[in-house]
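Structure assessment
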Protein chains: 2
Amino acid sequence: MRGLDDTDRGIVRLLLEDARRPFSDIAEEVGLSAPAVSDRVDRLQEMGIVRGFTLDLDRSLLRAGVPVLVEIDAEPGRAAAVRDGLADADAVEHVFRTADGRVTVTATVPQAEVSDLLDAHVDLNDVDSYEVRLVADSEWTPGLGTAEFAPECAECGNTVDEEGERTVLDGDSYYFCCGSCESRFVDHYESLKEGA
Amino acid sequence: MRGLDDTDRGIVRLLLEDARRPFSDIAEEVGLSAPAVSDRVDRLQEMGIVRGFTLDLDRSLLRAGVPVLVEIDAEPGRAAAVRDGLADADAVEHVFRTADGRVTVTATVPQAEVSDLLDAHVDLNDVDSYEVRLVADSEWTPGLGTAEFAPECAECGNTVDEEGERTVLDGDSYYFCCGSCESRFVDHYESLKEGA
DNA sequence: CCTGAAACGCCTCCGTT
DNA sequence: AACGGAGGCGTTTCAGG
């Protein structure tokens, strides 16, 4: 399995600044040809590092409701469930789950009707307590630094190094630290799929 | 001044899903010609609603350090200063300032060395207390809903309606609720600029 | 995995409505 | 404001190393 090299990082950095920048332009910057850049972007998408191309919107200029930041203390072990419920909600923009079992959410709701939002998308038994704060402003400055590619093994959770494997299942990439983790996961995946 | 119509919202929604989608494609979806879409995207950028085109990255696959969420309670009136300092930091991705004087930041730091980050970019006299949480995972689901265009007057802070004005100063758009706010702001802006 | 040429498709400028 | 056509780029496919 191949990791990220400096060329990949260069491409990502340029696309973070302007995702519509011509590949031929990027090619010149990183010292490649346009087709090579196109291939690498495809690969970055396949790897799952680049999830897609989007807009950076200034939501402070838009009135779709009240922007809020909600801090939810989940019941032990239920943070992931709370996150999953909220991530699907239309009004929700960001969901951060932290290691201490808290889920921090930013959303834009009609009239600070946060309880409705939680009611509709979260099992309230999963919630210990929550706090709502009005967002005055927010900024987003995507950067990359010297990031290395280091996914977690989908089976055992260990960090996957260059010796690892990647498998594409139903369009999504999964990473494994070794062949046995891979086959174990694939078996499990397929049996679940048959059941559904 | 023109606001947002359904066609604008349609264009934004499609670009949120795929910012590299051809304008000719989008044109067909919203019932316009390609040049018309191009014009509207230009206008959306001029208005400042579309800040730019970027990538949606899955940072959980990248190891650039430890992802943290920091909650900072600023001293009274100093939240904006704390936000400004942090927004410039390389490691920082999101900054949310809430109305209660708190600044919530997400960043990726070498080894959870958050105190260094604060030290370098914030006047510690502005900080009352802070708490650091390790980010386990995060999601981003950009949506738009039925958002209306409703900027604040750069001079007096009131919401700007259809009767308002827009002025471009040094490439940035500013909005005003009325002509007198506009001229007052422009005068102030120009005198500040001469002084610098 | 990359390059270079060539075909195709897309974007944007312009004249027009 | 938006359309349609024309010209000029940008992207992608393909053969070759």
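Small disclaimer: the values here were computed from a predicted structure and weren't measured.

Glancing now at the protein's contact with DNA strand C. With respect to spatial proximity, 14 residues lie near DNA strand C, and among them Arg 2, Ser 33 and Arg 40 of chain A together with Phe 23 and Ser 38 of chain B are the closest. Note that a phosphate oxygen of DNA strand C is positioned 2.5 Å from one of the side-chain N or O atoms of Arg 40 of chain A. At 3.1 Å, a backbone N or O of Ser 24 of chain B approaches a phosphate oxygen of DNA strand C. Secondary-structure elements contributing two or more residues to the surface near DNA strand C are helix 3 (34-47) of chain A together with helix 2 (23-30) and helix 3 (34-47) of chain B. Across the surface near DNA strand C, the residue classes break down as 7 nonpolar, 4 polar and 3 charged.

This part covers the packing of helix 2 (residues 23-30) of chain A against helix 3 of chain A. Packed helix pairs are specified by the crossing angle of their axes together with the interaxial distance, meaning the distance between the axes. Residues and elements named next belong to chain A. Two elements in contact, helix 2 and helix 3, have axes whose closest approach is 8 Å; the angle formed by their N-to-C orientations is 100°. Relative to helix 3, the element helix 2 lies roughly perpendicular. Judged by residue contacts, Phe 23, Ser 24, Ile 26, Ala 27 and Val 30 of helix 2 engage Ala 34, Val 37, Ser 38 and Val 41 from helix 3. A class-by-class count of the residues in the contact of helix 2 with helix 3 yields 7 nonpolar, 2 polar and no charged.

Here Arg 102 of chain B shows up in strand 5 (residues 102-109). Those residues within four positions of Arg 102 of chain B in sequence are excluded, and the remaining contacts are Glu 71 and Arg 133 of chain A together with Glu 71, Ile 72, Asp 73, Phe 96 and Arg 97 of chain B.

Here we come to a negative patch on the surface. Judged by side-chain charge, Glu 148, Asp 161, Glu 162 and Glu 163 of chain A come together as a negatively charged surface patch. Locating Glu 162 of chain A in the fold gives a position in the loop between strand 7 (148-149) and strand 8 (165-169).

With 63 residues of chain B at the contact, the number on the chain A side is 63 residues. Between chain B and chain A lies a buried interface of about 6,400 Å² when both sides are counted; carbon and sulfur atoms form 53% of it. One can count 12 salt bridges joining chain B with chain A. Here Asp 58 of chain A makes a salt bridge to Arg 51 of chain B, at a shortest N to O gap of 3.8 Å. Counting the contacts that link chain B with chain A gives 39 residue pairs in polar contact (both at pLDDT 80 or more). When its residues are assigned to classes, the side of chain B that touches chain A shows 32 nonpolar, 12 polar and 19 charged. Across 5 bridges, the pairing between strand 4 (residues 92-98) of chain A and strand 6 (residues 127-140) of chain B is antiparallel.

What counts and what doesn't
- Residues numbered from 1 in each chain as written.
- Chains lettered and ligands numbered in written order.
- Predicted model: local features only at pLDDT ≥ 70, side-chain atom pairs only at ≥ 80, totals over all residues.
- Heavy atoms only, no water.
- Near = heavy atom within 4 Å.
- Polar contact = N/O pair within 3.5 Å; in protein donor to acceptor, adjacent residues only side chain to side chain.
- Helix = DSSP H or I, 4+ residues; strand = E, 2+ residues; numbered from the N terminus.
- Nonpolar A, V, L, I, M, F, W, Y, C, P; charged D, E, K, R; others polar.
- Axes fitted to C-alpha atoms, helices over the stretch in contact; angles between N-to-C directions.
- Parallel < 35°, antiparallel > 145°, perpendicular 65-115°, else oblique.
- Contact = heavy atoms within 4.5 Å.
- Patch = residues over 30% accessible without salt bridge, like charges linked within 9 Å, V, L, I, M, F, W, Y side chains within 5 Å.
- Areas by Shrake-Rupley, 256 points an atom, 1.4 Å probe, with all protein chains shown as cover.
- Salt bridge = Lys/Arg side-chain N within 4 Å of Asp/Glu carboxyl O.
- Lys, Arg positive; Asp, Glu negative; His and termini not counted.
- Charge placed at Lys NZ, Arg CZ, Asp CG, Glu CD.
- Buried area = accessible area lost by both parts, 1.4 Å probe.
- Pairing = 2+ DSSP bridges.

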